[in-house]
Amino acid sequence: MVEHVYRRDEIYSGPYVDRAPDLIVQPRGWEYMAFGHADFGSNKLVEPITGMSGHHRPDGLVILAGPGVKPGVSLEGASILDLTPTILHAMGTAVPQDLDGRVLSEAFEASSQ
């Protein structure tokens, strides 16, 4: 059922890392989940996911459109942490220096940087 167990400092950083769980369990193949997180009505603590879920997947998708966005750019290595700085940049709002992540600047035309 378990593919990997991470210590909190392997995943989290920053001034509030002590508030994170000591251990984070990655289910094998992302096919198991703890009862109570998204599905209710079972008497089992942990059970296989019976349908496809949007929860707990390591990979995602980002789609950008609008003025200044380069079409067809592949954002290799992008992180979910990059979404907020990228959205702020796209809105023309200053990105705080201490914000986690980075602006996905490769997705924008040079004129919009």
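Here's what I pulled together on the structure shown here. Small disclaimer: the values here were computed from a predicted structure and weren't measured.

Reading guide: rules and limits
Residues numbered from 1 in each chain as written. Predicted model: local features only at pLDDT ≥ 70, side-chain atom pairs only at ≥ 80, totals over all residues. Heavy atoms only, no water. Helix = DSSP H or I, 4+ residues; strand = E, 2+ residues; numbered from the N terminus. Buried < 20%, exposed > 50% of the residue type's maximum accessible area, 1.4 Å probe, protein only. Contact = heavy atoms within 4.5 Å. Areas by Shrake-Rupley, 256 points an atom, 1.4 Å probe, with all protein chains shown as cover. Arc of directions from axis to C-beta. Core = buried A, V, L, I, M, F, W, Y, C linked by side-chain atoms within 4.5 Å. Lys, Arg positive; Asp, Glu negative; His and termini not counted. Salt bridge = Lys/Arg side-chain N within 4 Å of Asp/Glu carboxyl O. Polar contact = N/O pair within 3.5 Å; in protein donor to acceptor, adjacent residues only side chain to side chain.

## Thoughts on the overall build of the protein chain
For the protein chain, the helix and strand inventory stands at 2 helices and 4 strands. When its helices and strands are written in sequence order, the protein chain yields β-α-β-β-β-α. Counting all 113 residues of the protein chain, 16% fall into the buried class. Counted over contacts in the protein chain with a minimum sequence separation of 6, partners at least 24 positions apart contribute 29%. Here the protein chain has roughly 8,700 Å² of accessible surface; of this, 55% comes from carbon and sulfur atoms.

## Quick look at helix α2 (residues 83-90)
If you check which residues of α2 are buried, you get P85, T86, L88 and H89. Take α2 and look down its axis: the buried residues cluster within an arc of 160°, on one side only. Taken from the residues just after α2, G92 is the one with a positive phi, measuring 75°.

## Here we look at the nonpolar core
Counting 5 residues, the largest nonpolar core consists of V69, L75, L104, A107 and F108. V69 has contacts with L64, A107, F108 and E109, leaving out every residue within four places of it along the chain.

## A look at the side chain of D82
Following the sequence through the fold, D82 ends up in the loop between β4 (46-48) and α2. Although D82 is buried, it forms no salt bridge, and the closest oppositely charged side chain is R102 at an N-O distance of 4.4 Å. Those residues in contact with D82, other than ones at most four positions away along the chain, are G77, G101, R102 and L104.

## A short note on the pattern of salt bridges
A side chain with one charge can pair with a side chain of the opposite charge if their charged atoms come near. For the coordinates displayed, the defined rule picks out 2 salt bridges. Residues D22 and R8 are paired through a salt bridge, measuring 3.1 Å at the closest nitrogen-oxygen approach. With D22 in the loop between α1 (8-11) and β2 (23-27) and R8 in helix α1, this pair connects stretches of sequence that are 14 residues apart. The class for R8 is partly exposed, based on a relative accessible area of 23%. One salt bridge in this structure joins R102 and E106, with 2.9 Å as the shortest N-O distance.

## Some points on the environment of A107
Summarising the element assignment, A107 is placed in the segment after α2. For A107, a relative accessible area of 3% corresponds to the buried category. Once the C-alpha coordinates of A107 and L64 are considered, the two residues, 43 residues apart in sequence, prove to be 8.0 Å apart.

## Considerations on the side chain of Q26
Turning to its location among the elements, Q26 is positioned in strand β2. Residue Q26 is classed as buried on the basis of its relative accessible area, which comes to 9%. For Q26, the contacting residues outside a window of four places in its chain are V2, E3, H4 and Y6.

## Examining the environment of E106
Within the secondary structure, E106 is located in the segment after α2. Sequence separation between E106 and L75 is 31 residues, and the spatial gap between their C-alpha atoms is 7.6 Å. Ignoring any residue separated from it by four or fewer positions in sequence, one finds E106 in contact with K70, V73 and L75. A polar side-chain atom of E106 sits 2.9 Å from a polar atom in the side chain of R102.

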